[in-house]
Amino acid sequence: MLRVAGLSKKFIVHVRNGLVIDGIQDISFTAMRGKLLAITGASGIGKSTLLKCIYRTYKPTGGIVWYTSAAGNTINLANAEEQEILDLRRNEIGYVSQFLQVIPRVAALDILTSALTRVEDSNKMAKEKAQYLLEQVGIHKNLWSMYPSTFSGGEKQRLNILLALAGKPRLLLLDEPTASLDFKSKEIIMELINDTKKKGTTMVGVFHDKDAIKSLADNRFDIEKNQSTAVS
């Protein structure tokens, strides 16, 4: 579903007289349909930059990102038009960042219901589905009318993943989804990721947690070695 070849990203620091910093250099890998590819490597080496280049938060400096769409078209995400990228984000590609970013002072239930209206037949069905999902991931009913800014780290990350899954993405990008979570929260998120993968979603995720890699990943890409291996 996804083939990255020779992907590079350079940053120009204008406040340092145009200093050029290499974010990532000449990265190549393949992500197979319905599988999870874990991106590993030392902190600061460019793992999050890689995901942002695929999602097009950053525009790559060089290389290609071939994505096979639901319609069967092969699209180079590295240089696709902005409107095409927005359409793919809306309908096919999801992204889970390390931090939940939502509209302030809107209740968690309303945020998730709004996200689900794109795929459900009515607002009533979207709300019922939102309630079901929040309950399934262990977010207590007392919190549904609260602002996500009041949530714990684990609760925020569970909502974060639910929002990314609301559009039923074919490709899901995960940036350290289990980082800094307590054991219970990590178990819930790992179960949610595994259930989503079983339904056919392709995933590319940044992970430091060895247990999460072993439990979730089918293949592993070492960004330092620029090499993919199977996870045993």
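See the structure printed just above.
Basis of the calculations
Residues numbered from 1 in each chain as written. Predicted model: local features only at pLDDT ≥ 70, side-chain atom pairs only at ≥ 80, totals over all residues. Heavy atoms only, no water. Pairing = 2+ DSSP bridges. Helix = DSSP H or I, 4+ residues; strand = E, 2+ residues; numbered from the N terminus. Axes fitted to C-alpha atoms, helices over the stretch in contact; angles between N-to-C directions. Contact = heavy atoms within 4.5 Å. Phe/Tyr/Trp six-rings, centres within 6.5 Å; stacked < 30°, edge-to-face > 60°. Polar contact = N/O pair within 3.5 Å; in protein donor to acceptor, adjacent residues only side chain to side chain. Core = buried A, V, L, I, M, F, W, Y, C linked by side-chain atoms within 4.5 Å. Buried < 20%, exposed > 50% of the residue type's maximum accessible area, 1.4 Å probe, protein only.

**What to know about the sheet that holds strand 5 (residues 74-76)**
With respect to topology, four strands assemble into an open sheet ordered 2-1-4-5, the strand pairing being antiparallel. Looking at the sheet topology across the chains shown, the edges are occupied by strand 2 (19-31) and strand 5. Sheet twist, expressed as the mean angle between neighbouring strand axes with direction ignored, is 25°. Pairing between strand 4 (residues 62-68) and strand 5: three bridges, direction antiparallel. If you follow Tyr-67 over to strand 5, its bridge partner there is Ile-75. Along the sheet face, helix 1 (residues 47-55) touches strand 1 (2-13), strand 2 and strand 4 and points at about 110° away from the line of strand 1.

**Thoughts on the pairing of strand 4**
Note: strand 1 against strand 4, five bridges, orientation antiparallel. Residue pairing for strand 4: Ala-5 is matched across the bridge by Ile-64. Between strand 4 and strand 5, which pair antiparallel and follow one another directly, the connecting turn spans five residues, one of which, Gly-72, has a positive phi of 90°.

**Overview of the packing of aromatic side chains**
Scanning the entire structure with this criterion turns up three aromatic pairs. Between Phe-11 and Tyr-58, the aromatic rings sit 5.2 Å apart at their centres with planes inclined by 80°, giving edge-to-face as the arrangement. Note that Phe-11 is positioned in strand 1 and Tyr-58 in the loop between helix 1 and strand 4, a separation of 47 residues in sequence. Summarising the aromatic geometry, the rings of Tyr-55 and Tyr-95 are spaced 4.8 Å apart at their centres and angled 15° between planes, so their arrangement reads as stacked.

**Some remarks on the sheet that holds strand 9 (residues 219-222)**
Strand pairing in a sheet takes place through backbone hydrogen bonds and is either antiparallel or parallel in direction. An order of 6-7-8-3-9-10 is seen for the six strands of this open sheet, with the pairing classed as mixed. Both outer strands of the open sheet, strand 6 (93-96) and strand 10 (227-230), are each paired with one neighbouring strand and no more. On average, each strand axis in the sheet is inclined to that of its neighbour by 20°, with strand direction left out of account. Where strand 7 (residues 171-175) meets strand 8 (residues 202-206), five bridges bridge the pair, whose relative direction is parallel.

**Topic: the side chain of Arg-170**
Within the fold, Arg-170 resides in the loop between helix 5 (153-165) and strand 7. Of the polar contacts made by the side chain of Arg-170, one reaches the side chain of Tyr-67; its length is 2.8 Å. Not counting the four nearest positions on each side in its chain, Arg-170 is found in contact with Met-1, Arg-33, Tyr-67, Thr-68, Ser-69, Ala-70, Glu-92, Thr-201 and Thr-202.

**A word on the nonpolar core**
One finds Leu-36, Leu-112, Leu-134, Ile-139 and Leu-159 to be the most contacted residues of the largest nonpolar core, which totals 40 residues. Elements represented by at least two residues in this core include exactly strand 3 (36-40), helix 3 (108-116), helix 4 (123-136), helix 5, strand 7, helix 6 (183-198) and helix 7 (210-216). Residues contacting Leu-36, with those up to four places away along its chain left out, are Leu-174, Ile-193, Lys-197, Met-203, Phe-207, Leu-216, Ala-217, Asp-218 and Asn-219. Core analysis: the second largest hydrophobic core is formed by 31 residues, Met-1, Ile-27, Ile-85 and Ile-93 among them.

The analysis is restricted to geometry; functional conclusions fall outside its scope.
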